[in-house]
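# Structure assessment
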Amino acid sequence: MEEYPEELRTPPVALTCLVGCPEVHPLITAYLHSQQPPINAIALPDFSNIPVIPPKKSPTDTPSAPLAGIIKRDWLSKHRTRIPAVLAAIFTSCDLSADPAHWLQLCSHLDNLKASIRGRNIKLVLLLVTNWDNKDDTSEERILALRKRAEVDLKNLIIFVPDHEEELQKSLNRQVPIEVFGLTSIIFLKVWTVFGELAATYYRDEGRRVRSRLEKKNYTSIELYIRYCFKVAIYAEFRRDWLEALKFYEDAYHGLREMVGTSTRMPPIQRLVEIKAVAEQLHFKMSTLLLHGGKVLEAIMWFRQHTANYRKLVGSPEVIFLHWEWLSRQYMVFAQLLETSSPNDALYVPSTASVPEEKPTEWEFYPAYYYQLAATYMKEKNTCLEFALSMSVDVGPIDGSAESVVASAYLGQYSRLLEHEDTFIMQPLTDEEYAHYALAEGKRFQDSFEIIALLKKSFEAYSSSKAERAAAYCGLQMAREYFCLNDFSNAKQMFDSVANLYRREGWLLSLWEVLGYLRECSKGMSSAKDFIEYSLEMASLPEATGSVESFANGCGPAGPATHSEREKIHKEAFEVSRGELTLNSDEQNSAFKVNTDNPLYLEIDLISPLRATLIPLVAFHHPTVKPGAPSLITISLRSQLPINVEIDQLEVQFNQSECNFIISNGQKPQTGLNSNIQPGHRVETAPDLVLATNKWLRLTYEIKSDLSGKLECIYVIARIGPNFTICCRAESPASMNDSPLWKFENLLETIPIKDPGLALSGQKAIQVEEPDPQVDLILGSSGPALVGESFILPVTVSSKGHAVHSGELKINLVDTRGGGLLSPREEPFSSDNLHVELVDMSCDTPGDQSEAPSDNIQKIQPSFGLISVPSLGVGESWSCKLKIKWNRPKPIMLYVSLGYSPQSDEPSLQKVHVHKSLQIEGKTAVAINHWYMLPFRQDPLLLSKLKSVSETDQAPSLALNEKTMFIISVKNCSEVPLKLLSMSIETEEKSSACTIQPQQEEFREAVVNMPGEEFKKVFTIFPKVNSSKLKIGTVSLRWERGEQPHSNTNASQVTKHRLPDVSVELPLLVVSSECPPHAFLGSPFLYSVKILNQTEMLQEIKCSISDSQSFVLSGPHSDTMLVLPRSAQVLAYMLVPLGLGSLQLPRVSVTSVRYSAGLQPSTGSSLVFVYPAKPHIDLKPGDA
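Worth saying up front: this structure is predicted, and the values here are computed from it rather than measured. (Residues numbered from 1 in each chain as written. Predicted model: local features only at pLDDT ≥ 70, side-chain atom pairs only at ≥ 80, totals over all residues. Heavy atoms only, no water.)

## A closer look at the layout of surface pockets
Reported here for the largest pocket is a volume of approximately 1,300 Å³. Looking at the largest pocket, it is lined by 46 residues, and the ones nearest its centre are Glu3, Glu280, Glu325, Arg329 and Tyr414. Among the secondary structure elements, those contributing two or more residues to the lining of the largest pocket are α1 (6-9), α3 (75-81), α11 (268-292), α13 (320-340), α14 (367-391), α16 (431-444) and α17 (447-464). No other element matches α11, which puts 8 residues into the lining of the largest pocket. Split by residue class, the lining of the largest pocket holds 26 nonpolar, 8 polar and 12 charged. (1 Å grid on protein atoms, 1.4 Å probe; cavity = no way out; pocket = protein on both sides within 12 Å on 5 of 7 lines; lining within 4 Å. Points joined across faces, edges and corners; volume = space filled by probe spheres on them. Helix = DSSP H or I, 4+ residues; strand = E, 2+ residues; numbered from the N terminus. Nonpolar A, V, L, I, M, F, W, Y, C, P; charged D, E, K, R; others polar.)

And the structure:
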């Protein structure tokens, strides 16, 4: 698309011309460019430059004049860069207020401007530039005379004040008075608006002028019809009328299609070239409008129709390559348009194309599809060009006659430029001359690079869309082009990428072709290793089914994938590996050969493509073995090469190098191979080491290891000759997977090991067990752990039969429920948010300090600990103490692991481990509860009790200046007795807020709290301030275990319980009742009820008392009274008990009328005990 001129690639933009006063040109031009849509401008500094605008020529497309072409090549460029729609004449205020000579000069300039634009209908605008200081000095008469002289309207006269920002904005957005029917109104006009309206008027008039010819059918040839439609469409684009532009582009395209086979104006070859060039430009404009309007489907259907119309118009056979070049360019340009178009563009183009029933495929919406086809047609063009050049004998490397051919004035035409005296003339070409010119131009350029560029774009687009197969096809075509250019490095890179996909997909013939190219690339790059790798892979491929000879033309440089060809490649590869054959690279002028100085080393892993060449399976006969005990191991080898392979030497390597051994071939001398044998490694001899095609070679030997741990076979190394080595990664029979290429082959399946069970479950690794430990690890438990205390756990290491050297003791704390030891409620890591933590580890110092290790290790973390164990002889012991602290109740599992070496000479090679575990549950020692109690027979009426708040959301309420009982209970939740030492309340408020008695109490003797028992302590609280959130404080209980298991754990522990906040308020009413603590049968007593009003308002109180069968009542049953503010009223009743024992007093109900709330004494406070009679006690003298 870059080959197209800029005026074709970008939408048309209106053009204006600024004449005179060049100092304001940058300001106006920048302003016009910043608007939407922008307006371009031609800046002419002086009025003498007016001839730059081309004058209007006399029409040549009259019926009598013959047509030379369809569309002029520079017509669009001329209207975008040279012919303006609006001409702005700029004058200064000095020009208007100067002497008459200057005025006459100004009028002369105006007359010249009017004369130059009169034939083209260009619109005229006047701009008057003045300064801020003398803006009022300009004569109104001169301005009116200037406007009349120029014959412009008032809105087309604009006054500029460039040296004042505010006035400049008014100039750009100025107010213009307009008189309508005698009334003056104000409208706002911009410079851009004036220029835009005038430009739109110009292009609309020009379009109407040309369109009238179409409507009247004022044309004599189809060429004129196409030209008129093209011009109307361009003028519509200038006005941003996309629908009209698209319509006339379509009309021009359909008219052009009618010219094929009917026009005889030019020779046949050049006529078809011109038609295709015009069709290409028209289709480009239509595709651009549709794609930028979001009409992707319509654009694709138009492109499909466009290519179908001209696909078969190949032209003359000698220039058929021009057709494929043109078709390739169509696909390339449309792909670029798809890439650059945005469906969210503001451009709106209504759809006028009819979508056929056959909708596009999914791939037609991707640019990669068109890039791929563009490369295909370009390759076809290259093929046809090479054939045409081979048939032409008169086209030399430098053709002078072709250099004189240039593009003609009309689109798609070429002429010969001849110099005649002092002028140049254009001479038309014959078809033979044009064909000669086209061949010369085609010979100048190399199309392979353009083909590679197109394929690369398609490859990258397919890869980004995850279309691996389509990308691989493009990569294969690209690699072939690189190969034809002898660029073996890039060709090999692309062929490798394609081969990886073919291996995964299992495409045999395609992989064979690619590997053939890779062999040739390796030969061209002088790489012996790559050449042998690709050769062995090709020789190991499965047999192709069917008639392979039918695919011989598409099998690449390696030929057909036959068995004989595989054998040939096999022999060639091993001849190169033995140094018997030297492969020369003609392109690189170099050679490569395998010898002692250049040995060959190949590696085959589990995913290598050479896995079918040599696959080693290793299986131990037993899963575990004791240290030093022998175990059998079987090595099975298989190859898919077409010819038997004889191995000179096999080396089996393990993760423990002491177990490595070598298997030599008894049928061949080991000359040159003894250097591979390491001292101390054993050497076994096999009768022969010959690998037949698809047959297992089984070798079984004994192996033993003195080190505990995992013994694994890692590599099996095969040496074929002195300079060729193949290192294979060992595999287990249980985990062997077939290659995708061999997965569905019809082959005789054989098991790698004779034992079927071992063939299915054999592993290449064996576990060498540790020696039986002869050291005891003892964990001493001291009962349950309690939250808050430091739990001491002794750990003892006792040697029974092994000495302990380089010992390490590891401690791990693990949650038994699978969670972490960190509290889920706390996110930051600290010692306070851990449920359980390892605090300390203390150990006994050995008696002989000289035996203590010099590298003592001690690491402590919240859930992990590591400590060194000193060297111990047989029969000695060592102990340490673990200090674990529970911050919250949680069961844990304690894991203790001891690792030591029985021998002191090589402690790092052999370790013995002892493991012990212990479950410990941390429990809560005590549970602290509390509650509040009112004074006996006293009930306050609180305002918070009257609100409709649920009890769960309501904080406890206390009465101001009233004593309240505060009871704290302590329950032993553990399984051991506890001693309570002291209890205190740590207040958070000032002492003036409330008084608590007693605040702290040390028990004279420790209170023994048995498991499950509950201890209670009574406190009194006296609130002194009115507060909605009074902080009472925290209960602090100091305790210790009743039975101390260790002397270092007798430190007391403190458990704290924070008391919730309470609400303190002044009670509205306080009702208290008084009566004797006991009564006597038949003896009257006084029962009084006191009502205290603590408010500043008069309270109306309703009182009532219920009858009781146990008492004779004297007093008012129901009454209403008024209680003065800050005063009290007393109700008195006389009661006579009629029964014995604990009796319920008559219930008194007190109701406040103002608050609609009542108070009733509790049942417990309304009891009195009645005795039968008063006791009579006679005191003798001296008893007192």
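## Things to note about the side chain of Glu565
Among the secondary structure elements, Glu565 is positioned in helix α22 (residues 563-577). One buried charged residue, Glu565, remains without a salt bridge, the closest side chain of opposite sign being Lys568 at 4.4 Å. With sequence-adjacent residues up to four places away left out, Glu565 is seen in contact with Trp512, Ala558 and Pro560. (Buried < 20%, exposed > 50% of the residue type's maximum accessible area, 1.4 Å probe, protein only. Lys, Arg positive; Asp, Glu negative; His and termini not counted. Salt bridge = Lys/Arg side-chain N within 4 Å of Asp/Glu carboxyl O. Contact = heavy atoms within 4.5 Å.)

## A few points about the packing of aromatic side chains
The final tally for this structure, using the stated rule, is 38 aromatic pairs. Ring centres of Phe334 and Tyr370 lie 5.0 Å apart, and the angle between their planes is 70 degrees; on these two criteria the pair is classed as edge-to-face. With Phe334 in helix α13 and Tyr370 in helix α14, this pair connects stretches of sequence that are 36 residues apart. Neither Phe334 nor Tyr370 differs from the other in exposure class; each is buried. Ring centres 5.6 Å apart and planes at 75 degrees place the aromatic pair Phe1003 and Phe1015 in the edge-to-face group. Pair noted here: Phe1003 is in strand β42 (residues 1000-1009) and Phe1015 is in strand β43 (residues 1014-1023), with a separation of 12 residues, a long-range link. For Phe1015, a relative accessible area of 18% corresponds to the buried category. Grouped by ring-pair contacts, the aromatic residues Trp75, Tyr202, Tyr203, Phe230, Tyr235, Phe238 and Tyr249 constitute a single cluster. The side chain of Arg257 reaches across the aromatic face of Tyr310, ending 5.4 Å from its centre. The positively charged end of Lys1017 is found above the aromatic ring belonging to Phe1019, 5.9 Å away from the centroid. (Phe/Tyr/Trp six-rings, centres within 6.5 Å; stacked < 30°, edge-to-face > 60°. Lys NZ or Arg CZ within 6 Å of the ring centre and 35° of its normal.)

## Structural notes on the confidence of the model for the chain
When pLDDT is averaged along the chain, the result is 81, and 84% of the positions lie at 70 or above. A low-confidence stretch, residues 822-829 stays under pLDDT 50, and its non-local contacts, those more than four residues away or across chains, total 15 contacts. This stretch, residues 847-854, has a pLDDT under 50; its non-local contacts, to residues over four places away or in other chains, come to 4 contacts. (pLDDT = per-residue confidence, 0-100.)

## Some thoughts on the sheet that holds strand β10 (residues 423-428)
Taken together, 3 strands build an open sheet; the order of strands is β8-β9-β10 and the sheet is antiparallel. The sheet terminates laterally at β8 (405-407) and β10, the two strands that pair on one side only. Neighbour-to-neighbour, the strand axes of the sheet open up by a mean angle of 50 degrees, direction not taken into account. In terms of strand pairing, β8 meets strand β9 (residues 414-420) through 3 bridges, oriented antiparallel. Among the inter-strand pairings, Val405 is bridged to a residue of β9, identified as Arg416. (Pairing = 2+ DSSP bridges. Axes fitted to C-alpha atoms, helices over the stretch in contact; angles between N-to-C directions.)

## Considerations on the sheet that holds strand β39 (residues 964-972)
Strand order across the open sheet formed by 4 strands is β36-β39-β43-β41, with antiparallel pairing between neighbours. Of all strands in the sheet, those with a lone pairing partner are β36 (926-933) and β41 (994-997), marking the two edges. Taking each pair of neighbouring strands and ignoring which way they run, the sheet shows an average axis angle of 25 degrees. Of the strand pairs in this sheet, β41 and β43 are connected by 4 bridges, and their pairing is antiparallel.

## Considerations on the pairing of strand β33 (residues 877-886)
Bridge count for strand β28 (residues 790-799) against β33 is 9 bridges, and the pairing is antiparallel. Considered in β33, the bridge of Ile792 is made with Lys883. Here strand β30 (residues 836-843) pairs with β33 via 7 bridges, running antiparallel. Paired with Leu838 across the two strands is Ile884, which belongs to β33.

## Some words on unusual backbone geometry
It is generally the case that most residues other than glycine have a negative phi and that most peptide bonds are trans. Cis geometry marks the peptide bond from Gln36 to Pro37, where omega comes out at -5 degrees. Note that Pro37 resides in the loop between α2 (25-34) and β2 (40-44). The omega torsion of the bond from Gln997 to Pro998 falls at -15 degrees, within 30 degrees of zero and hence cis. In this structure, Pro998 sits in the loop between β41 and β42. Residues other than glycine seldom take positive phi values, yet Asn486 does so here, at roughly 60 degrees.

## Points about the packing of helix α12 (residues 296-310) against α13
Packing of α12 against α13 leaves a shortest axis separation of 11 Å and a crossing angle of 175 degrees. Regarding the angle of α12 to α13, the classification is roughly antiparallel. Residues Val296, Ala299, Ile300, Phe303, His306, Thr307 and Tyr310 of α12 form the contact with α13, whose own contacting residues are His323, Trp326, Leu327, Gln330, Tyr331, Phe334 and Leu338. Tallied by class, the residues present in the contact of α12 with α13 amount to 10 nonpolar, 4 polar and no charged. (Parallel < 35°, antiparallel > 145°, perpendicular 65-115°, else oblique.)

## A word on the nonpolar core
In terms of nonpolar packing, the biggest core is built from 172 residues, with Leu87, Phe91, Phe195, Leu256 and Phe495 touching the most fellow members. Leaving out residues up to four positions away in the same chain, Phe91 has contacts with Phe47, Leu96, Leu106, Leu110, Leu126, Leu127, Leu128, Val129 and Leu146. Judged by nonpolar contacts, the second largest core, of 47 residues, contains Leu610, Leu641, Val645 and Cys728. (Core = buried A, V, L, I, M, F, W, Y, C linked by side-chain atoms within 4.5 Å.)

## Observations concerning the pattern of salt bridges
Here the idea is simple: oppositely charged side chains can pair when their charged atoms come close. For the structure on display, the rule yields 36 salt bridges. Among the ionic pairs, Glu481 bridges to Lys379, the shortest N-O distance being 3.4 Å. Here Lys379 lies in helix α14 and Glu481 lies in helix α18 (residues 468-484), a separation of 102 residues in the sequence. In this structure, Arg504 and Glu468 form a salt bridge, with 2.9 Å as the shortest nitrogen-oxygen distance. Of this pair, Arg504 sits in helix α19 (residues 488-505) while Glu468 sits in helix α18, and the two are 36 residues apart along the sequence. Among the charged side chains, a network of salt bridges with common partners joins Arg211, Arg239, Asp241 and Glu244.

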